Protein chains: 2
Amino acid sequence: MKNIPRKTVDRALIYIRTLDHLIKEKRYLVSSKDLALITGISDVQIRKDISNFGKVGTPRIGYKTAELNKTLKDFVLQENVVHVALFGVGHLGTAMLRYPGFNEDNIKLVAAFEKDKSKIGKKINGVRVYPVEMAPKIIKRTHADLGIVAVPASHSQEVADIMVLSGLKGIVNFAPASISVPKSVLVKDIDFTIELLSLFCNSQR
Amino acid sequence: MKNIPRKTVDRALIYIRTLDHLIKEKRYLVSSKDLALITGISDVQIRKDISNFGKVGTPRIGYKTAELNKTLKDFVLQENVVHVALFGVGHLGTAMLRYPGFNEDNIKLVAAFEKDKSKIGKKINGVRVYPVEMAPKIIKRTHADLGIVAVPASHSQEVADIMVLSGLKGIVNFAPASISVPKSVLVKDIDFTIELLSLFCNSQR
DNA sequence: GTCTAATCGTGAAATTTAGAACGATTGAGA
DNA sequence: TCTCAATCGTTCTAAATTTCACGATTAGAC
């Protein structure tokens, strides 16, 4: 992957998701204008994004859904299956374990970690729950790439430390608190409160 | 609120969250450098963001936590309590209903809507579950501002249509599919698959 | 075969956002 | 009182991202 802008990569994932859906509906062709209508992203933006990955469209016609999908996937996903470890098996953690979307996509939850002894040892949706102390060992054994923080904010930093120590390269942090990690580890914060308040603020102007 | 950059508003919410925490710890003063260490945002960025809201810091000293917090809140939140309606009471929806963070913050879940009759009429964590058809009426009665889509992708558009019809001004969409709404309605998409894949792609370079 | 309308792809302009540099201010200590 | 070091706030610069304008291409109609 060369110098593809970060935001283009993120949008490519949206295009892939959309194309997967169109292909399932037996749709063979799609134009940047069609994609714009579906995704809400402008057609120019879409064409420019796609042009990063080569000339794959046909003027007057548009893009072949299957071909475009393959091109995008080859660039951004490269047939990888992403192995993910979950920390925290509360309500949110359990919802992640039961999330139906992961199976179809390139994501596999490989292990869950939890403090509460009553949950340890169980299997939820095929994923075993381990004590947090076993994380480094299990994460190495399962080749997990990424981690999810679904513990209370009061424990998010200590969990993050374990994740870094275990060699995870990226973290989705649902705890409503910032976590400190080396800059080689990427963090995506998803604070439900902030997401809602941000929407509200931006809708007020 | 004047011409404050969108990203500055989003970061202000992070500062507020951080300051809330510091104040709870009886911390009286904080510098931009301190905040940078905690949040991972650069100190320059933080000072520049804050300067949008007035001169509230003291050179050589930093910011008074309580004062800065109040200034930020006055600008971006204005003491509002945001009323939110939830659509879909599956695993994720239930996790949202039980999410502990909302109570402390300016967010109140006012109603939940669900198709499955076995769930309708129940109260979860104090929030009543209604049939989807009642949404327009209940949303008006409860003065809901925002909505959360926590239904399967196959029904996300029809739920979004109801939300728009009901007058909601912003939507957090957890369904892994784009939804079409008038541009007066803001949408924040949170697709767990895409969040993870994005992290993975970006960690690979 | 030619024309045409639709669509792609791209280079340049405009906008947004982040970063760097630096002067201004302030409290503390000699 | 004077100096100094820390920190704020602001202006300018640079980078990233989006938007615009337009040429290039192509399938299909005639």
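Residues numbered from 1 in each chain as written. Chains lettered and ligands numbered in written order. Predicted model: local features only at pLDDT ≥ 70, side-chain atom pairs only at ≥ 80, totals over all residues. Heavy atoms only, no water.

Draft legend 1. Layout of the overall build of chain A. When its secondary structure is counted, chain A shows nine helices and nine strands. C-alpha atoms of chain A, sized along the principal axes, occupy 60 × 45 × 30 Å. Counting every position in chain A, which comprises 205 residues, the buried fraction comes to 49%. Here the analysis covers contacts within chain A between residues at least 6 apart in sequence; of these, 56% occur between residues at least 24 apart. As displayed, chain A has an accessible area near 10,200 Å², and 54% of this comes from carbon and sulfur atoms. (Helix = DSSP H or I, 4+ residues; strand = E, 2+ residues; numbered from the N terminus. Buried < 20%, exposed > 50% of the residue type's maximum accessible area, 1.4 Å probe, protein only. Contact = heavy atoms within 4.5 Å. Areas by Shrake-Rupley, 256 points an atom, 1.4 Å probe, with all protein chains shown as cover.)

Draft legend 2. Quick peek at the protein's contact with DNA strand C. Around DNA strand C, 23 residues are found, and the nearest of them are Ser32 and Lys55 of chain A together with Lys48, Pro59 and Arg60 of chain B. Atoms of DNA strand C within 4 Å of the protein: sugar and phosphate make up 61%, bases the balance. Contact distances for DNA strand C include 3.0 Å between a phosphate oxygen and a side-chain N or O atom of Arg11 of chain B. Among the secondary structure elements, those contributing two or more residues to the surface near DNA strand C are helix 3 (43-51) of chain A together with helix 1 (6-24) and helix 3 (43-51) of chain B. Taken together, the residues of the surface near DNA strand C sort by class into eight nonpolar, seven polar and eight charged. (Near = heavy atom within 4 Å. Polar contact = N/O pair within 3.5 Å; in protein donor to acceptor, adjacent residues only side chain to side chain. Nonpolar A, V, L, I, M, F, W, Y, C, P; charged D, E, K, R; others polar.)

Draft legend 3. View of a nonpolar patch on the surface. Residue and element names in this part refer to chain A. Taken together, the side chains of Tyr28, Leu29 and Ile61 make up a nonpolar region of the molecular surface, amounting to roughly 300 Å² of accessible area. Summarising the element assignment, Ile61 is placed in the loop between helix 3 and strand 2 (63-64). Among the residues examined, Ile61 registers a relative accessible area of 44% and is labelled partly exposed. (Patch = residues over 30% accessible without salt bridge, like charges linked within 9 Å, V, L, I, M, F, W, Y side chains within 5 Å. Salt bridge = Lys/Arg side-chain N within 4 Å of Asp/Glu carboxyl O.)

Draft legend 4. Structural detail: the interface of chain B and chain A. The interface is formed by 62 residues belonging to chain B together with 62 residues belonging to chain A. Taken over both partners, the interface formed by chain B and chain A buries close to 5,400 Å², and the fraction arising from carbon and sulfur atoms is 70%. Taken together, the connections running from chain B to chain A amount to four salt bridges. Notably, a salt bridge pairs Lys188 of chain B with Glu195 of chain A, separated by 3.7 Å at the nearest N-O pair. On the surface where chain B and chain A come into contact, there are six residue pairs in polar contact (both at pLDDT 80 or more). (Buried area = accessible area lost by both parts, 1.4 Å probe.)

Draft legend 5. A look at the domain arrangement of chain A. For chain A, the assigned domains are domain 1 (6-75) and domain 2 (82-195). Here domain 1 of chain A and domain 2 of chain A have C-alpha centroids that lie 31 Å from each other. (Domains from an automatic or database assignment.)

Draft legend 6. View of the packing of aromatic side chains. Applying the stated criterion to the full structure yields 14 aromatic pairs over all chains. With centroids separated by 5.6 Å and ring planes inclined at 85°, the aromatic side chains of Phe192 of chain A and Phe174 of chain B adopt a geometry described as edge-to-face. Here Phe192 of chain A, found in helix 9 (residues 192-203), pairs with Phe174 of chain B, found in the loop between strand 8 (170-173) and strand 9 (186-189), and the two come from separate chains. Note on accessibility: Phe192 of chain A and Phe174 of chain B belong to one class, buried. (Phe/Tyr/Trp six-rings, centres within 6.5 Å; stacked < 30°, edge-to-face > 60°.)

Draft legend 7. Here's a closer look at helix 9 of chain A. Residues and elements named next belong to chain A. The end-to-end C-alpha separation of helix 9 is 17 Å, in line with the 16 Å expected for twelve residues at 1.5 Å each. Most of helix 9 is tucked away, with eleven of its twelve residues classed as buried. When we look at burial in helix 9, the residues that qualify are Phe192, Thr193, Ile194, Glu195, Leu196, Leu197, Ser198, Leu199, Phe200, Cys201 and Asn202. (Expected span 1.5 Å × (residues − 1).)

Draft legend 8. Layout of the sheet that holds strand 8 (residues 170-173) of chain A. Reading across the sheet, the seven strands line up as 5-6-4-3-7-8-9 (chain A) and stay open at both edges, with mixed pairing between neighbours. With partners counted over all chains shown, the strands left at the sheet margins are strand 5 (123-124) and strand 9 (186-189) of chain A, one partner each. In this sheet, strand 7 (residues 146-149) of chain A lies alongside strand 3 (residues 82-87) of chain A in parallel orientation, the contact comprising four bridges. Across the sheet, Phe87 of chain A pairs through a bridge with Val149 of chain A, a residue of strand 7 of chain A. Of the strands in this sheet, strand 3, strand 4 (107-114) and strand 6 (127-131) of chain A are in contact with helix 7 (residues 135-142) of chain A, which crosses strand 4 of chain A at around 165°. The strands that helix 9 (residues 192-203) of chain B touches are strand 3, strand 4, strand 7, strand 8 and strand 9 of chain A; relative to strand 9 of chain A, the one it contacts most, it runs at about 160°. (Pairing = 2+ DSSP bridges. Axes fitted to C-alpha atoms, helices over the stretch in contact; angles between N-to-C directions.)

Draft legend 9. Geometry of the relation of the copies chain B and chain A. Its rotation angle being 180°, the transformation that places chain B on chain A also includes 0.0 Å of axial translation and leaves an RMSD of 0.1 Å. Such values leave the two copies arranged in the relation of a two-fold axis. A share of 100% of interface residues in chain B that are also interface residues in chain A marks the association as one of identical surfaces. (Least-squares fit on C-alpha atoms with pLDDT ≥ 70 in both.)

Draft legend 10. Local environment of the sheet that holds strand 5 (residues 123-124) of chain B. Residues and elements named next belong to chain B. Read across the sheet, seven strands follow the order 5-6-4-3-7-8-9 without closing on themselves; strand pairing throughout is mixed. The open sheet has two free edges, formed respectively by strand 5 and strand 9, since each of these has just one partner strand. Sheet topology places strand 3 (residues 82-87) next to strand 4 (residues 107-114); six bridges connect them, and they run parallel. Bridge pairing in strand 4 places His83 opposite Lys108. In the packing of helix 7 (residues 135-142) onto the sheet, contacts are made with strand 3, strand 4 and strand 6 (127-131), and the angle to strand 4 comes to roughly 165°.

Draft legend 11. Seen up close, the environment of Ile162 of chain B. Residues and elements named next belong to chain B. If you trace the backbone, Ile162 turns up in helix 8 (residues 153-165). The class of Ile162 is partly exposed, set by a relative accessible area of 23%. Between the C-alpha atom of Ile162 and that of Glu133, which follows or precedes it by 29 residues, the distance is 8.6 Å. If sequence neighbours within four positions are ignored, Ile162 has contacts with Phe87, Val132, Ala135 and Pro136.

Draft legend 12. View of the side chain of Ser32 of chain A. Residue and element names in this part refer to chain A. The topology assignment puts Ser32 in helix 2 (residues 32-39). In terms of polar contacts, Ser32 uses its side chain to reach the side chain of Arg47, at 3.0 Å. Setting aside residues up to four positions removed in sequence, Ser32 forms contacts with Asp43, Ile46, Arg47 and Tyr63.

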